[in-house]
Amino acid sequence: MLDSSFGTWARILSNLIKNYGDRWAGAVAYAFVLVVSLVLACMFYYVALGEVTLVNVLSVVVFAALTSPLLLSVAIYAMRQLDASKEYLESATQQEKLLNQTLKDNINRLNNEIDERKMALHAKHRAIAELRKEISERRKAQQELAQQSMLLRSIVDSSPDLFYYRDERGVFAGCNKKFEQVIGKTSAQLIGHTVQQVFGEQDIPRVLQTDEQVIETQQSINVDVEYPVANENCWFEMRKLPFINDDGEYIGLLAFGRDITSRKEAEQALETAYKDKGKFIATLSHELRTPLNGIVGLTRMLLDTELTKQQKSWCNTVFSSAETLGNIFNDIIDLDKIDREQLDIATDSINVSDFINDVVNFAGLIAEQKGLEFNIKRTGMLDIYALLDPTRLRQVLWNLINNAVKFTHRGGVTLECRRENRADGPWLSISVIDTGVGIPSDQQDRIFDMYYKAPDASGNNAIGSGIGLAVTKALVHAMKGTIHVSSMQGEGSRFDVELPLELCTAPNEQSYAGRSLYILLVEDVPLNAEIATNLLEQRGHEVVWAETGEDALSMVETEDELDLILLDMQLPDINGDEVARQIRADSHFDELPIVALTANVRSAEQELQGIDIQGALAKPINTTKLDKMLAELFGIEASKDKQALPQAEPLQLSEQEQALLDVETITDFVSSMGIEAFKRSCDLFTRLNPTYCNELNEANQSGDTEVYVSVAHKLKGAAGSVGLQNVQLHAKTMELEGAKADTGRRADWLDELEVKIREGQSALHSLIAKLAENS
C-alpha cells in the first residue's frame, strides 16, 4: 500500500517536473510540504496535547521550511535520476525488443535460406539423377541408332538396287555396295568427288541433264539408263528425286536404280516377236489377197455373164465370201496393231460429203447383191472439210454395213449421216440401221468383246471371226468417238457412231502452170466430157476427147505426145476395161498412165484387176481428188502462192434444193471452173435432155432394152455432172432395172423422169442464183 502511495506521489512529482520544470515543481512541492506540515502539526498537537499552540505550529513550520528544500532537492534529483533511468530502461527495453525482432527476422531468414538450400540441394540431386538417366538413355539411343544405322546400311548394301546421294553442289556424299559394283569404285573413291570425276565422258551430259531437270522442277523423274558393267551393257531404271529440308530448300539429290536388263531383253525379244508377227501377218495378208482379188474379179465378171439362177446364187455367195474374207484380213492386221498399241490415226483434210458418197457406192453394191434395199439419209450441212482418217472411218463403216447386210434377209439397210452442232463443237453422227434378225438384249453388252459371237435364234454362234466389232470399237475410240448399239430381236439393229469434227480449210489448190499435160479424155456423155475438159483446161492442160472406145484406141495410136488417159468404164461400143487391156497389150504404151472414170470406184478396180492402171476417179469428178491424182502421177508440187482460204458461210438451202440436188458437187464445180462455165454446162444439159428423152421413148416403144439402158446410163452421167441428184438416181433405176421391166413400167419411168427434170432444173437455177450472189 505504501509502495503504491509512494509511487503515486512520485508520479505526481515527476509529472510536475516534466510539465513545469524544476523550479516551478520545487516551489509547488515546497508550498505543498509546508501546508501538509502545518496541517499535520496542528492535527498532532491537537490530538496529543489537546490544544494547538502557535509556537508549536511555527516550530514545525520552521523546521519543515528549513528541511524541505533539501529534501525536495534530493527528491527532485532523485526523480530526475529515476526518470533518466526509466527512459534509459525504456530505451534499453525498446532496443532489446528491436534486437530481439531483428534476431527473430534473421533467424527466420536463415531458416528460409536453409530450407531453400535444402530444396536446391534436393533439386540438384534430382537434376543429377535426371541427367544421369538422360545420359543413360542417350547412350542407349546412340547404341540403338548405331545398330539401326548398321542394319540400314546392311539392308542398303544388300539391296539388289543401287543407291547414291549427292549434296547441293553435286558432290557424292554416300552410296551402297551395288553402286560401287556398277561404277567399279569404292565409297572412299566416290565420296567427295563430282559427277565429272566419277562417270565417263559419254555419260556426263545425260547425268547432268537429268540432274538439272530435278533441280528446276523439284520433282522426281524416271529414266532408263544403259551402262556397261563388267564388259556387259546393263539397263537400269533410275529414279532421281530432290532432297528437301524443312524450309523447302534443295540440299541434295537422291538416286535409286534397279537392274532391268532382263526386262529390257524381254521387251526387245517381245518387240522382235511383234515385228516378226506383223511381218508374217502382212506377208500372209499380201499372199492371200492376190488370189482373193482374182476370185473377186473373176466372180464379178461371171456375174455379168448369162448364168442360171443357181449359178448366180453360187457366184454371189463366192463374191460375198471373198469380200468378207478381205475385210477379215483388214481386221486381223488392225488387231495386231491394237495388240502392239500401234493403231495410228492419220487424219487428212477430206470432204465429208464426198467420203459419204464413196461409202454409199460400196454399200449399195453389197446390198444389191443380196437383193436388199439400201437407203441413205443426210441431215445438216455435210459439204465441209474436216480432219478425219478416211481409211479407218471407211473400215468402220464397211464392218458395220457388212454385218447389217449379213444379218438382214428381208427389207434393207439404211445409212444415216448427220452433222450436229453441240456445246463442245460440231459432231458427225453416222448410223447403220438394218431390218435383220436383231441382237438379244442380254448379248448387246458383249458384242464388242474380242472373239465374241452372239448366238442366233437357233442358239448357234453367228458366222464370222468375232473380231470385226472389237476392231471397229477400237478404231472409233482411237478417233476419239463413241459407238453404241440398240436392237430388238427379230426387228433389226442400229449402230450409232459419233465422231468429233475438227473443221478445216479445203486443201490448197493445185497449180500446174509449169507442167502442161496432154490428156486423152474418153467419155461417151458430152456433158460429162465438157465439164471434165473445163476442169482440166482451167488447170492449164490440153484435152482431146474421144466419145467411143474405138476412137480412143485410134487416138492412142496416132497421138504421140499423150501424157495421160482418163478412161470412162462404160462406153457404147467397147467397155473401158477392154480398152485398157488393148492399150496395155502394146509395150510401147507401158509408161502411159491410165486413170479410170467410173460411178463405182470399187467395182471398176475389180473389173480392171490384173490390168496396169494408175488409179480411178469417181464420177462426177471431185476437183480435190483430181488435183491430188495429177500431183501424185506427175510429181507436180502444189503451188505455194495460193493459200487455203477459209470456207465460205454455208448457203441457206431450201428443203427442195437439199432433196433434189447434189449441192456438194455443184459448189465444187462452181468454185473450180467458175459460175459462168457451170451455167454453160447446165445449158448444155437443157439442150441434150430432150434428145435423151426422145431416145428413151423410141427405145421403149421398139422394145430395144439395150438402147434404153445405154441412154439411161448417159442421162445418169449427165444429170450427175450438173448435180441433179434426184434425176441421177431415177436414171440409175432405169439403167439397172430397164432390161427386166415391161414396156408400161418403162413408160411410167419416162413420165416421172420429165417431172423430176423440171423440178431439178428449177431448184438448180435457184441455187445458181444464190451462188452468184454469194460469189
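> Can you help me understand the overall build of the protein chain in this one?
Looking only at helices and strands, the protein chain has 22 helices and 17 strands in total. Classification of the 775 residues of the protein chain by burial places 41% in the buried group. For the protein chain, contacts bridging at least 24 residues in sequence account for 66% of all contacts bridging at least 6. If you sum the accessible surface of the protein chain, you get close to 43800 Å²; carbon and sulfur atoms cover 53% of it.

> I'm lost on the sheet that holds strand E14 (residues 542-546) in this one. Help?
Consider a sheet: its strands pair through backbone hydrogen bonds, and that pairing is either parallel or antiparallel. The strand order across the open sheet built from five strands is E14-E13-E15-E16-E17, with neighbouring strands paired in parallel fashion. On the outer flanks of this sheet lie E14 and strand E17 (616-618), each paired with one strand and no other. Recorded for the sheet is a direction-independent mean angle of 20° between the axes of neighbouring strands. Across four bridges, the pairing between strand E13 (residues 518-522) and strand E15 (residues 564-568) is parallel. Within E15, the residue paired with Ile-519 across the bridge is Leu-564. Along the sheet face, helix H16 (residues 623-634) touches E15, strand E16 (594-598) and E17 and points at about 140° away from the line of E15.

> Would you mind going over the pattern of salt bridges with me for this structure?
Side chains that carry opposite charge are capable of pairing whenever their charged atoms lie near each other. Taken as a whole and judged by the stated rule, the model has 17 salt bridges. Here Asp-211 makes a salt bridge to Lys-240, at a shortest N to O gap of 2.8 Å. A residue pair is termed long-range when its members are at least 10 positions apart, and Asp-211 in helix H6 (residues 204-217) and Lys-240 in strand E4 (residues 232-244) qualify at 29 residues. The class for Asp-211 is buried, based on a relative accessible area of 6%.

> How do you make sense of a negative patch on the surface when you look at a structure like this?
Together, Asp-742, Asp-748, Asp-751, Glu-752 and Glu-754 line one region of the surface with negative charge. Position of Glu-752 relative to the elements: it lies in helix H22 (residues 743-774).

> Just checking my understanding: could you explain the side chain of Glu-735 for this structure?
Position of Glu-735 among the secondary structure elements: in helix H21 (residues 725-737). Glu-735 sits in the buried class, given a relative accessible area of 10%. Of note is the side chain of Glu-735, whose polar atom sits 3.0 Å from the side chain of Lys-716. Aside from chain neighbours lying at most four places away, what touches Glu-735 is Gln-570, Val-709, Ala-712, His-713 and Lys-716.

> So what exactly am I meant to see when it comes to unusual backbone geometry here?
Although it is not a glycine, Gln-218 adopts a positive phi angle of roughly 55°. Along the chain, Gln-218 turns up in the loop between H6 and strand E3 (221-229). Note on Gln-218: relative accessible area 31%, which makes it partly exposed. Its identity is not glycine, yet Lys-480 carries a phi of approximately 65°, on the positive side. Inspection of the secondary structure puts Lys-480 in the loop between helix H11 (468-478) and strand E11 (482-488).

> What is the right way to look at the side chain of Asp-434 in this model?
Tracing the backbone shows Asp-434 in strand E10 (residues 425-434). For the buried Asp-434, which has no salt bridge, the nearest side chain bearing the opposite charge is Lys-370, at an N-O separation of 9.8 Å. Of note is the side chain of Asp-434, whose polar atom sits 2.9 Å from the backbone nitrogen of Gly-436. Contacts of Asp-434, omitting those with residues within four sequence positions, involve Ala-404, Thr-408, Gly-412, Val-413, Glu-491, Gly-492 and Ser-493.

> Is there a simple way to think about the packing of aromatic side chains in this case?
Aromatic ring pairs are defined here through the distance separating the ring centres and the angle between the ring planes. Under the criterion given, the structure shown has six aromatic pairs. Look at Tyr-164 and Phe-172: their rings are 5.3 Å apart centre to centre, the planes differ by 50°, and that puts the pair in the tilted class. Residue Tyr-164 shares its accessibility class with Phe-172, and that shared class is buried. Ring geometry for Tyr-165 and Phe-243: centres 5.7 Å apart, planes at 90°, overall edge-to-face. Taken together, the positions of Tyr-165 in strand E1 (residues 162-167) and Phe-243 in strand E4 put the pair 78 residues apart, joining distant regions of the chain. Owing to a relative accessible area of 17%, Tyr-165 belongs among the buried residues under this scheme. Judged by relative accessible area, which is 35%, Phe-243 ranks as partly exposed. Clustering of aromatic rings is evident, with ring pairs tying together Tyr-164, Phe-172, Phe-179, Phe-199 and Tyr-227. One Lys or Arg, Lys-264, reaches over the ring of Trp-235 and ends 4.7 Å from the middle of that ring. The ring of Tyr-708 has Arg-746 lying over it, and the distance from NZ or CZ to the ring centre is 5.6 Å.

Quick notes on the rules
- Residues numbered from 1 in each chain as written.
- Predicted model: local features only at pLDDT ≥ 70, side-chain atom pairs only at ≥ 80, totals over all residues.
- Heavy atoms only, no water.
- Helix = DSSP H or I, 4+ residues; strand = E, 2+ residues; numbered from the N terminus.
- Buried < 20%, exposed > 50% of the residue type's maximum accessible area, 1.4 Å probe, protein only.
- Contact = heavy atoms within 4.5 Å.
- Areas by Shrake-Rupley, 256 points an atom, 1.4 Å probe, with all protein chains shown as cover.
- Pairing = 2+ DSSP bridges.
- Axes fitted to C-alpha atoms, helices over the stretch in contact; angles between N-to-C directions.
- Salt bridge = Lys/Arg side-chain N within 4 Å of Asp/Glu carboxyl O.
- Patch = residues over 30% accessible without salt bridge, like charges linked within 9 Å, V, L, I, M, F, W, Y side chains within 5 Å.
- Lys, Arg positive; Asp, Glu negative; His and termini not counted.
- Charge placed at Lys NZ, Arg CZ, Asp CG, Glu CD.
- Polar contact = N/O pair within 3.5 Å; in protein donor to acceptor, adjacent residues only side chain to side chain.
- Phe/Tyr/Trp six-rings, centres within 6.5 Å; stacked < 30°, edge-to-face > 60°.
- Lys NZ or Arg CZ within 6 Å of the ring centre and 35° of its normal.

Read these as layout, nothing more, since geometry by itself doesn't imply function.
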